[in-house]
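Architecture at a glance
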Amino acid sequence: MPSPSSLKEFMDSSFRPAVVAWEKAQSGSDTNKRFAAASLVESFGWISIGVQAAAFPADLAREIVTSSLEVLLEANELAEQEALFQSGVTVQNRRLFESKDMFPRPFCDRYSSEFSNLPEAPTLFSLWCSESLAFAQADGGLAETLNFAYDEEWRIALGRLKDEYFSPEIDLTSEPSLFEGYLRSLLHMNRVAQLMGVEGTPTAGWPARAVMRVEVTNIHGWRLNLQSNVFAPRFDAVTEVVESRLRVEAQADGIKLREGGFVDGVRNLRRRYGESLGHLSRTASG
């Protein structure tokens, strides 16, 4: 059953911050404009997938998105010029923005045989969306910094992370640190990789997951590409700062860390995350 409350939560945590970031980026660097454009177009993509999976109500999504249609068109145009997404994504978006429907037909109509076990689609997307919301709401601001911060705000946050005191002791009365937020981001990535993975999934549930992964990768691929000049530099910068801090703390405690182990582990996770959402699923759903 489509959930208005879930859609509104997603709008507040992802779509509206992306709109603000795009508007602020207009007075910034070209790099920041590309980043903001990708974030906004991707956020629309999540909403579109939610509508197609019958997790978000189409009428309400259309009403909310229409109020920001002009900035969406601008961001989509820049994303197309810079080839930030999989081929065809921005072209399809432009057609959707110009149509009265705004979203593609539901998965159950487009892939009737793959979604014969229909309840899996909204359930899968809802679980996935809940992970994203929980991550954004409880990570000490890291998700917002990575996804939406203006250049100067990003530099300030990175400096704060370098200097921030971190204690392994759990203090439920204090806000999560950026350091803790980074570790939570890895946990989030791992959960999503497991959620969207195929290994161990009953055969009957394979096709719907495969279709979902193809759809997601098309609008999320700029994050998964380790060579991306849009998202990867920010994530890698945080990775390197955290690794440096772990080395200092380990040295103080007399613990020897394997050279490159932490960063290698992060990059392996990112690859696994990409594979779980990747194009291998195309052959499975064909």
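Quick look at the structure, then. (Residues numbered from 1 in each chain as written. Predicted model: local features only at pLDDT ≥ 70, side-chain atom pairs only at ≥ 80, totals over all residues. Heavy atoms only, no water.)

1. Considerations on the nonpolar core
Across soluble globular proteins, you tend to see nonpolar side chains buried next to one another. Of all hydrophobic cores here, the largest spans 78 residues; its most connected members are Leu40, Ile47, Phe125, Trp128, Met212 and Val238. Leu40 has contacts with Phe15, Ala18, Val19, Trp22, Val71, Leu72 and Ala75, leaving out every residue within four places of it along the chain. (Core = buried A, V, L, I, M, F, W, Y, C linked by side-chain atoms within 4.5 Å. Buried < 20%, exposed > 50% of the residue type's maximum accessible area, 1.4 Å probe, protein only. Contact = heavy atoms within 4.5 Å.)

2. Topic: a negative patch on the surface
Together, Glu23, Glu70, Glu74 and Glu77 make up a negatively charged patch on the protein surface. Considering every element that reaches the negative patch, the biggest residue donor is helix H4 (residues 69-81), with three residues. Within the secondary structure, Glu70 is located in helix H4. (Patch = residues over 30% accessible without salt bridge, like charges linked within 9 Å, V, L, I, M, F, W, Y side chains within 5 Å. Areas by Shrake-Rupley, 256 points an atom, 1.4 Å probe, with all protein chains shown as cover. Salt bridge = Lys/Arg side-chain N within 4 Å of Asp/Glu carboxyl O. Lys, Arg positive; Asp, Glu negative; His and termini not counted. Charge placed at Lys NZ, Arg CZ, Asp CG, Glu CD. Helix = DSSP H or I, 4+ residues; strand = E, 2+ residues; numbered from the N terminus.)

3. Quick word on the packing of aromatic side chains
If you walk through the whole model with that rule in mind, you get eight aromatic pairs. Centroid distance Phe44 to Phe97: 5.0 Å. Interplanar angle 65 degrees. Geometry classified as edge-to-face. Of this pair, Phe44 sits in helix H2 (residues 30-52) while Phe97 is found in helix H5 (residues 89-98), placing the two residues 53 residues apart along the sequence. What makes Phe44 buried here is its relative accessible area of 1%. Its relative accessible area of 6% is what places Phe97 among the buried residues. (Phe/Tyr/Trp six-rings, centres within 6.5 Å; stacked < 30°, edge-to-face > 60°.)

4. Considering helix H9 (residues 151-163)
With 13 residues, H9 extends 19 Å from end C-alpha to end C-alpha; this agrees with the ideal 18 Å at 1.5 Å per step. Listed in full, the buried residues belonging to H9 are Trp154, Ala157, Leu158 and Leu161. All buried residues of H9 fall inside an arc of 100 degrees around its axis, so they share one side. Seen from the open side of H9, the exposed residues pointing more than 90 degrees away from its buried face are Arg155, Ile156, Lys162 and Asp163. (Expected span 1.5 Å × (residues − 1). Arc of directions from axis to C-beta.)

5. Section: unusual backbone geometry
Despite not being glycine, Ala54 has its phi angle at roughly 65 degrees, a positive value. One can find Ala54 in the loop between H2 and helix H3 (58-66). Residue class for Ala54 comes out partly exposed when judged on its relative accessible area of 31%. Backbone geometry at Ala83 places phi at a positive 50 degrees, although glycine is not the residue there. Tracing the chain through its elements places Ala83 in the loop between H4 and H5. Relative accessible area serves as the criterion here: at 62%, Ala83 is assigned to the exposed category.

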